[in-house]
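# Chain and residue survey
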Amino acid sequence: MPEGSRSATAAASAADDASANGEEDDNEEPEEDDLPDDGGTRHDAADAGVAGDRGWFGEEVWGASARHRGAVADPAKLGRFALPPLATERDLAGWLGIPLTRLRWYTHDRPADTIWHYVRYAVPKRSGGERVILAPKRELKALQRKILRGLLAHVPAAPAAHGFVPGRSILSNARAHVGRQVVLKLDLKDFFPSVTYPRVRGLFIALGYSFAVASALALLCTEYERVPAVLDGTARYVSTGPRYLVQGAPTSPALANLVAWRLDRRLSGLAARRGFAYTRYADDLTFSSDSPESANDLRRVVQRIVAEEQFVVNTAKTRLARRSARQTVTGLVVNDGISTPRQLRRRMRAILHNAQATGLAVQNRENRRSFRAYLQGVIAFVHAANPRHASLLQKELRSVRDNAIEPPRS
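In this text the structure is predicted, and so the values were computed from the model without any measurement.

### Quick word on helix α4 (residues 89-96)
Buried within α4 we find E89, L92, A93, W95 and L96. Buried residues of α4 fall within an arc of 165 degrees about the axis and therefore sit on the same side. Against α5 (100-106), α6 (138-150) and α10 (211-221) lie the buried residues of α4. G97 occupies a position one or two residues after α4 and carries a positive phi of about 80 degrees.

Written out as structure tokens, the structure reads:
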């Protein structure tokens, strides 16, 4: 499967694993000292005495421009996409279905905290190294899903974006590049970590929310990478960098797409002017054309635009494929129509054939946690290009056991 698809699957799998474990409950209760002090106003459990929205959200989330700090709710902007009309933090807390004090507990930034609302997983990358998954605990995950479904889902992604967009897929992403003379692929390095807290807060302000509501929403949807440490005799989780969109949060893909909206618009315009098609699937950028001689010049301009939009091209993963070679887009072959790589299908058939005698467990040479689920995912990938090929593989998978049947002992 393509790298972007694998990372999304890994994040979703880790997040679901976290929700299934009892230790992942957000059942901590804030101490009195954990509640933010807003200009001398103390908030009790009944939300009494709360006077106005905050202008300060913690130790490391400062640096907003005067224009952003002065942002107020804009009903006209919110109305463009029928977004929830949340004018104050109290409105946001009510919409989320939690007390205002609990919202403020979640959204008071502490770079060193005794509580962490995430569970950290490290998933090995096929190319080496590891991918860090931060899976939110149960209550925070529920809040993020509310934000995703009730707010972010109302805002359309750019037409060029195909990853994590309803009605679009790796198939729609690849279809635009079928039968072209040249396919140019670029990869955005550290795509989610590039979308930091200030960028997310700016997005919510641009959608029409006030500084306080936008800040709280951004804090709910971003997090630090943290390490355990003992400070002044107390065990804490200490931040090691800026807050950013983490893999594992339900809101991260949609927010990344919206923050990249201007990048997609600029690259779509560039491609159209130069006779190229352009699509993006998560961190994979793809351009195709029937003019191979202009591809290298296009690549240089694309790298400049990406840098101006505060992203980084991973030059080690840049690929230029002519029609005489195999051209793949998000794992699908696009030279003539759309198909999955022949080697992938052969490997799947070999695994399933051997598993008829040995059982699936013996064929799990990469020690995947759920090998059958992994094979189901590969078959779903094949189905996107050719349902007939997938149905044959699915039939074989249903007929094999996880473990071989031992012959009766004499």
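### As for the nonpolar core
With 77 residues, the main nonpolar core has F204, Y209 and F287 as its most contacted residues. The biggest single contributor to this core is α10, with ten residues. Residue contacts for F204: discarding those within four places in its chain leaves L151, L152, Y209, A214, L217, A218 and L255. Formed by 27 residues, the second largest nonpolar core is a distinct cluster that contains V183, L360, Y374 and F381.

### Section: the sheet that holds strand β5 (residues 226-231)
Pairing is antiparallel in the open sheet, where three strands are placed in the order β1-β6-β5. This sheet does not close on itself; its edge strands, each paired only once, are β1 (112-113) and β5.

### A word on the pairing of strand β4 (residues 182-187)
Here β4 lies mainly inside the structure; five of its six residues are buried. Two elements, β4 and strand β8 (residues 284-289), share six bridges in a ladder whose sense is antiparallel. Bridge pairing in β8 places V182 opposite S289. Bridging between β4 and strand β9 (residues 319-322) involves four bridges; their strand directions are antiparallel. If you follow V182 over to β9, its bridge partner there is R322.

### Quick look at the side chain of T340
Relative to the elements of secondary structure, T340 occurs in the loop between β11 (332-333) and α14 (342-358). What T340 contacts, discounting residues up to four positions off in sequence, is L332, V333, R345, F381, V382 and A385.

### Focus: the pattern of salt bridges
Under the definition given, this model contains 19 salt bridges. The closest approach of N and O atoms between E89 and R104, which form a salt bridge, is 2.8 Å. One end of the pair, E89, is in helix α4; the other, R104, is in helix α5, and 15 residues separate them in sequence. The exposure classification of E89 matches that of R104, with both residues buried. A salt bridge links D297 to R300; its shortest N-O distance comes to 3.7 Å.

### A few points about the sheet that holds strand β7 (residues 277-281)
Overall, antiparallel pairing links the four strands, which are arranged β7-β8-β4-β9 in an open sheet. The open sheet has two edge strands, β7 and β9, and neither has a second partner. For this sheet, the mean inter-axis angle between neighbouring strands, taken without regard to orientation, is 15 degrees. Sitting on the sheet, helix α13 (residues 295-308) touches β4, β8 and β9, and the angle it makes with β4 is about 25 degrees.

What counts and how
Residues numbered from 1 in each chain as written. Predicted model: local features only at pLDDT ≥ 70, side-chain atom pairs only at ≥ 80, totals over all residues. Heavy atoms only, no water. Buried < 20%, exposed > 50% of the residue type's maximum accessible area, 1.4 Å probe, protein only. Helix = DSSP H or I, 4+ residues; strand = E, 2+ residues; numbered from the N terminus. Arc of directions from axis to C-beta. Contact = heavy atoms within 4.5 Å. Core = buried A, V, L, I, M, F, W, Y, C linked by side-chain atoms within 4.5 Å. Pairing = 2+ DSSP bridges. Salt bridge = Lys/Arg side-chain N within 4 Å of Asp/Glu carboxyl O. Axes fitted to C-alpha atoms, helices over the stretch in contact; angles between N-to-C directions.

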